[in-house]
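Chains, contacts and geometry: an overview
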Amino acid sequence: MTVERAEAVALRWCTACAGLFTAVILLTTQVRAVRAYSPWHQDPYDVVISCTELLVPALALAIAVRAWVGRAPSGDLLRGARVLLAAVGATAATCWASVVPGVRGWQQHLLVAALAVVTLSAVPPAVALLRARPATRADTDWVEDLLTAAERVGVPIVWARRFAEVLRRHRLVAAVLLATAVSGCLALGEAVGDGLGPRPLQAAAFRVVVGAVLLVALLIPLDAHLGLLGPARPRRRPLVLRAALYGAAASVPVTLAFRAGIGRLLDYPQETLGDVTRLLACFAGIVFLVTLLVQAFRTRRRRVSRVLVGLPLALVVLVAGYLGVVTVRRVLPQDLPAPTGEYGVGRTMREWTDTNRTDTLAPRPGLPRELAVWIWYPTSRGTRGPRAPYTPGAWARQHIPTPLPGLGEGSFASVRTRAIDGVGPAPGRFPLIVLAPGMGLNAPVFSTLAQDLASHGYVVASLTPTYSANLTVLRGHAVTSTPAGKPDDIDEEESADRLLDVWTADARFVAAEIAHDARMAGYVDAGHPVYAGHSFGGATALQACHDDPSCAGAVDLDGAVHGSVVRTGLRAPALIVGGENSCITGACRAADPGDQGMSDRTRQLLAKSTGPIWRYEIAGTGHFNFTDYAVIYLAAPIRALFPLESIDGARGLRIQDAYVIQFADQVTRHRASPLLAGDHPYPEVRVLP
């Protein structure tokens with residue numbers, strides 16, 4: 001067989017392979033009944049298939065047309081055939097990657113068998129093309145041959161030739177026009193077929209724009225390699241901006257394909273097309289800037305110019321490197337400190353409604369007060385089961401408000417708790433501790449304290465004050481704060497006391513409701529609860545203990561005191577633990593009138609109370625050292641935005657837990673506490689008289 005004959009056979013093999021490939025791919029992507037079982041109908045596989053299911057048949061058709069008009073096989077056709085076969089191979093590899101996790105059901109086995117046939121069909125043309133001569137560039141471009149073919153069948157093409165001449169002078173415009181037209185047709189077909197959802201205009205615009213960008217990113221290198229639309233005359237224009245624009249366009253399909261993984265890395269849920277659009281635009285902008293600076297640096301010849309371009313380039317590279325390290329570090333597994341008690345720990349969640357109260361913090365009047373309550377409880381040692389996720393579902397959005405929420409903050413999905421999800425409680429009846437968070441915070445960020453208490457035989461009911469927390473979750477939906485629930489003037493007595501009434505009622509409602517809970521009723525002793533809290537939750541604990549005659553004791557963790565308890569005192573025992581030089585203990589060096597007022601209120605509480613009050617200060621601790629943020633990864637300089645001090649996070653929590661546990665043991669089980677009696681094994685702790 002002559003070389004020319006062998007090359008013609010190779011082209012026919014490629015065309016046949018393309019036909020089989022197109023039939024299988026269209027069947028598995030466009031026929032709904034088949035697509036439902038396709039392992040490769042999801043991203044990142046779908047992005048590759050979306051490109052090649054258009055590219056392969058279009059190239060095969062163009063090759064056939066050029067061969068028909070008499071183009072020699074050894075010319076540009078071999079180059080196109082190799083591109084076609086590479087597209088088939090890349091798609092086959094992508095589809096095989098999608099079946100690696102496993103194939104389920106006879107339907108998927110049939111699809112995999114079809115994929116195997118397509119893969120094997122690519123072997124003969126691949127062998128033939130390896131034996132072919134090197135491809136050369138033809139004298140005419142592909143568009144010219146297509147116009148010649150149209151002319152042969154009698155189609156008037158005078159206007160088309162004129163239009164082609166214009167497009168040859170503006171190839172980028174030609175690529176954009178073609179990509180937009182094809183993308184628009186595909187969006188129209190999808191609208192007629194499966195529909196575009198509840199917001200068709202937004203969905204159509206997204207598909208047209210993203211599809212056009214994807215096709216442009218594909219057409220530009222194809223034109224450069226194959227000469228699809230040869231230039232009318234050579235041009236010398238700077239390529240810096242063009243390269244940056246192409247880099248941004250090329251980043252779109254890559255980001256789209258791996259958007260799920262990127263979202264997990266960044267804790268960026270993509271629930272709407274707007275979320276996906278912002279993600280694509282952000283990455284495209286970054287790639288555009290980096291490519292622009294790199295190209296500008298490469299094309300500069302003068303040293304001064306290279307320095308001026310190199311400095312911002314170095315800055316961008318450093319920032320990108322920092323963000324890369326932070327992104328990887330934040331998703332590494334993080335274990336919360338292990339509980340120190342003899343019991344295992346279980347966790348469950350409840351949503352309770354107080355029908356006797358109208359929620360004055362809600363954005364709409366007349367709504368009943370609803371609360372999300374997390375419950376930690378003792379389990380039998382050795383109980384096995386799945387670990388409870390740190391922030392299940394929508395709770396994962398609880399990032400501290402910053403210009404870029406979640407950036408530099410440990411991913412809550414990587415935080416591993418010590419509690420078993422939904423397991424049965426240990427035999428017995430256990431004292432109740434009602435735990436209230438600080439202003440803006442919620443139950444999950446006190447998991448370390450709650451788990452440790454549960455391991456020592458306590459049922460911990462941690463409430464999240466609705467509309468005061470930055471985020472709570474009710475019926476699966478995220479609920480944010482309102483101006484009434486999180487007022488700006490919380491430091492003013494009138495505003496604080498008004499909100500304190502709501503929080504105090506919440507705490508007492510939880511203490512009463514848990515006694516009737518279907519799972520916990522037989523295991524919790526709610527007759528004499530301990531109220532505990534951090535920050536404004538600490539003030540709530542003191543006030544709830546003041547209002548509840550059955551209260552066994554109150555714990556205030558670095559919280560300024562408010563309410564009527566300041567003026568009338570507390571009959572029950574109390575524990576007040578503050579950070580270094582915190583004025584909530586009543587023994588600080590006040591730096592301003594606000595701190596002085598905080599200290600004065602604590603001293604008034606001490607003077608009016610008849611029950612014992614223990615006060616301690618932990619050196620090296622800040623306001624957030626009493627929360628899980630003490631051990632959750634926070635990148636520099638993000639960590640500086642949090643009120644965290646120099647003490648090791650895990651040690652600070654261990655000291656706090658030790659004092660809270662021994663206080664609870666003394667007031668509920670009447671066990672003498674060595675710590676409260678004067679034994680102080682922690683040098684960081686300062687005892688206040």
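Everything below is about the structure shown above.
Here is a short report on the structure shown in this document. (Residues numbered from 1 in each chain as written. Predicted model: local features only at pLDDT ≥ 70, side-chain atom pairs only at ≥ 80, totals over all residues. Heavy atoms only, no water.)

Looking only at helices and strands, the chain has 21 helices and 14 strands in total. The C-alpha atoms of the chain give a radius of gyration of 34 Å, which is well past the 26 Å a tight globule of 689 residues would have. Its C-alpha atoms put the chain at 105 × 65 × 50 Å along the principal axes. Put simply, of all contacts in the chain between residues at least 6 apart along the chain, 74% involve residues at least 24 apart. Surface exposure of the chain reaches about 32,200 Å², of which carbon and sulfur atoms provide 62%. (Helix = DSSP H or I, 4+ residues; strand = E, 2+ residues; numbered from the N terminus. Rg over C-alpha atoms; globule rule 2.2 N^0.38 Å. Contact = heavy atoms within 4.5 Å. Areas by Shrake-Rupley, 256 points an atom, 1.4 Å probe, with all protein chains shown as cover.)

This part covers the packing of aromatic side chains. Across all of its chains, the model carries 11 aromatic pairs by this definition. Here Trp 614 and Phe 663 contribute two aromatic rings whose centre-to-centre distance is 6.0 Å and whose plane-to-plane angle is 75 degrees, an arrangement assigned as edge-to-face. With Trp 614 in strand S13 (residues 613-618) and Phe 663 in helix H20 (residues 649-668), this pair connects stretches of sequence that are 49 residues apart. Pair check on accessibility: Trp 614 and Phe 663 agree, each one buried. Geometrically, the ring pair formed by Tyr 659 and Tyr 682 is tilted, given 6.3 Å between the ring centres and 50 degrees between the ring planes. Of the two residues, Tyr 659 sits in helix H20 while Tyr 682 sits in the loop between helix H21 (674-677) and strand S14 (685-688), which places them 23 residues apart along the sequence. Judged by relative accessible area, Tyr 659 falls into the buried class, the value being 3%. Through successive ring pairs, a cluster of aromatic residues spans Trp 374, Trp 376 and Trp 395. The ring of Tyr 458 is capped by Arg 669, whose NZ or CZ atom sits 4.2 Å from the centre of that ring. (Phe/Tyr/Trp six-rings, centres within 6.5 Å; stacked < 30°, edge-to-face > 60°. Buried < 20%, exposed > 50% of the residue type's maximum accessible area, 1.4 Å probe, protein only. Lys NZ or Arg CZ within 6 Å of the ring centre and 35° of its normal.)

Turning to the pattern of salt bridges, a few remarks are in order. Applying the stated criterion across every chain yields a total of 16 salt bridges. Residues Asp 354 and Arg 357 are paired through a salt bridge, measuring 2.7 Å at the closest nitrogen-oxygen approach. Like Asp 354, the residue Arg 357 is buried in the burial classification. Arg 603 is the partner of Asp 600 in a salt bridge, and the nearest nitrogen-oxygen pair spans 3.5 Å. Placement of the pair is Asp 600 and Arg 603 together in helix H19 (residues 593-608), with a separation of three residues, close to one helical turn. On the basis of relative accessibility, which here comes to 38%, the residue Asp 600 falls in the partly exposed class. A relative accessible area of 39% means that Arg 603 is categorised as partly exposed. Here the salt bridges share partners, and the residues they tie into one network are Asp 354, Arg 357, Asp 359, Arg 369 and Asp 506. (Salt bridge = Lys/Arg side-chain N within 4 Å of Asp/Glu carboxyl O.)

Another point: the pairing of strand S7 (residues 459-464). Remark: a regular strand shows side chains that alternate across the two faces of the sheet. Counting buried residues along S7, six of its six residues qualify, which places the element largely inside the surrounding structure. Burial of the side chains of S7 extends over both faces: Val 459, Ala 461 and Leu 463 are buried on one face and Val 460, Ser 462 and Thr 464 on the other. One ladder, built from five bridges, connects strand S3 (residues 368-379) with S7; its direction is antiparallel. Considered in S7, the bridge of Ile 375 is made with Ala 461. The pairing of strand S6 (residues 430-436) with S7 spans four bridges and is parallel. Paired with Val 434 across the bridge in S7 is Ala 461. You can see the chain leave S6, run along helix H15 (residues 447-455) and come back into S7, and the turn it takes is right-handed. (Pairing = 2+ DSSP bridges. Right-handed = clockwise from strand over helix to strand, strands pointing away.)

The subject of this paragraph is the state of the cysteines. Under the counting rule described, the total for this entry stands at two disulfides. In this model Cys 545 forms its disulfide with Cys 551; the gap between the sulfur atoms is 2.0 Å. Handedness here is read from the sign of the S-S torsion; for Cys 545 and Cys 551, about -95 degrees, the answer is left-handed. Both residues of the pair, Cys 545 and Cys 551, count as buried. For the chain, the disulfide bridges join cysteines in the arrangement 1-2, 3-4, where the cysteines are counted in sequence order. There is no disulfide at Cys 14, and the cysteine sulfur nearest it, in Cys 17, is 7.0 Å away. By relative accessible area, which is 1% here, Cys 14 ends up buried. No disulfide involves Cys 51; its sulfur sits 13 Å from that of Cys 95, the nearest cysteine. The exposure class assigned to Cys 51 is buried, which follows from its relative accessible area of 13%. (Disulfide = S-S within 2.5 Å.)

Before going further, it helps to spend a moment on the side chain of Ser 251. For Ser 251, the location among the structural elements is in helix H11 (residues 240-257). Given a relative accessible area of 9%, Ser 251 falls into the buried group. Beyond its immediate stretch of four places on either side in the chain, Ser 251 contacts Phe 283, Ala 284 and Val 287.

Moving on, we get to the pairing of S6. Taking burial as the measure, the seven residues of S6 include seven buried ones, the bulk of the element. Note that S6 and strand S10 (residues 524-534) share six bridges and pair parallel. Within the sheet, the bridge partner assigned to Ile 433 lies in S10 and is Val 530.

One can describe the packing of helix H10 (residues 200-226) onto helix H13 (residues 273-299) by two numbers: an axis separation of 11 Å at closest approach and a directional angle of 25 degrees. Judged by the inter-axis angle, H10 sits roughly parallel to H13. At the point where H10 passes H13, the crossing takes the left-handed sense. The residues of H13 that touch H10, namely those facing Gln 202, Ala 203, Phe 206, Arg 207 and Val 210, are Leu 273, Gly 274, Val 276, Thr 277 and Leu 280. Counted by class, the contact of H10 with H13 contains six nonpolar, three polar and one charged residues. (Axes fitted to C-alpha atoms, helices over the stretch in contact; angles between N-to-C directions. Parallel < 35°, antiparallel > 145°, perpendicular 65-115°, else oblique. Left-handed = near helix turned anticlockwise from the far one by under 90°. Nonpolar A, V, L, I, M, F, W, Y, C, P; charged D, E, K, R; others polar.)

Considering the arrangement of structural elements, one finds Ala 532 in strand S10. Through-space distance from the C-alpha of Ala 532 to that of Val 565 is 15 Å; in sequence the pair is 33 residues apart. Every residue in contact with Ala 532, bar those within four places of it in the chain, is listed here: Ile 433, Val 434, Leu 435, Ala 436, Gly 537, Ala 541 and Val 555.

Any functional reading would require information that these geometric values do not contain.
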